[in-house]
Amino acid sequence: GSLDMRYNSLTGTVPTEVGQLSLMDSFYTFSGNSITGTLPTEFGKLVAVNGTVHWDYNSLDGQLPTQVGELTLLKKDIKFTNNLLTGTLPTEVGRLTALMDKFDLDGQGRGYDEPGISGSFPTEVGMLTAMTEFAFKVKQNTIGEHLP
């Protein structure tokens, strides 16, 4: 199954019950809403999703949970573009070895005065060898100066 909640003017925070949508296996998208708060760790229970996960163009904040690495069947893409995420990029993203299209974290933070995603670029990103078009996008963040 799939869940498409794009551009529905949804507001509020992501409930922990998001993890109960674990049978969604095609795509799961909440793009273009006004969802706030942190992405709960239960996000990692969406282990059956093998297509697309989109949380772009919302107002999610805090750190990307390490449980993102549990989405090991994800093949198409995962997008968090234009949110307010901060902190470091979890090394667990290296577990997304089936990912073929893109991992997109462009445009985090509230402008140039706040960092968005920061810290070092994890070497585990090199494990994403299934990407046919290597599109690991982190522009408009302050992630490390040196690539591993």
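Here we summarise the structure given alongside this text. This is a predicted model, so every value here is computed, not measured.

The subject of this paragraph is the pairing of strand β6 (residues 59-62). Along β6, the buried face is formed by Leu 60 and Gly 62; none of Ser 59 and Asp 61, which line the opposite face, is buried. Of the strand pairs in this sheet, strand β4 (residues 34-37) and β6 are connected by two bridges, and their pairing is parallel. Of the residues in β6, the one forming a bridge with Thr 36 is Ser 59. For β6 and strand β8 (residues 84-85), the ladder comprises two bridges, and the chain directions are parallel. Note that in β8 the partner of Asp 61 across the bridge is Leu 84.

Turning next to the sheet that holds β4. Judged by pairing direction, the sheet is parallel, and its four strands sit side by side in the order β2-β4-β6-β8 without closing on themselves. The open sheet has two free edges, formed respectively by β2 (11-13) and β8, since each of these has just one partner strand.

Here six strands make up an open sheet; going across it, the order is β1-β3-β5-β7-β10-β12 and the pairing parallel. With one partner strand each, in any of the chains shown, β1 (3-4) and β12 (135-137) form the two edges of the open sheet. As defined by bridge partners, strand β3 (residues 27-29) adjoins strand β5 (residues 52-54) across three bridges and the pair is classed as parallel. From the neighbouring strand, Tyr 28 faces β5, where its bridge partner is Val 53.

Parameters at a glance
- Residues numbered from 1 in each chain as written.
- Predicted model: local features only at pLDDT ≥ 70, side-chain atom pairs only at ≥ 80, totals over all residues.
- Heavy atoms only, no water.
- Buried < 20%, exposed > 50% of the residue type's maximum accessible area, 1.4 Å probe, protein only.
- Helix = DSSP H or I, 4+ residues; strand = E, 2+ residues; numbered from the N terminus.
- Pairing = 2+ DSSP bridges.

Note that all results are geometric; they support no functional claim without further evidence.
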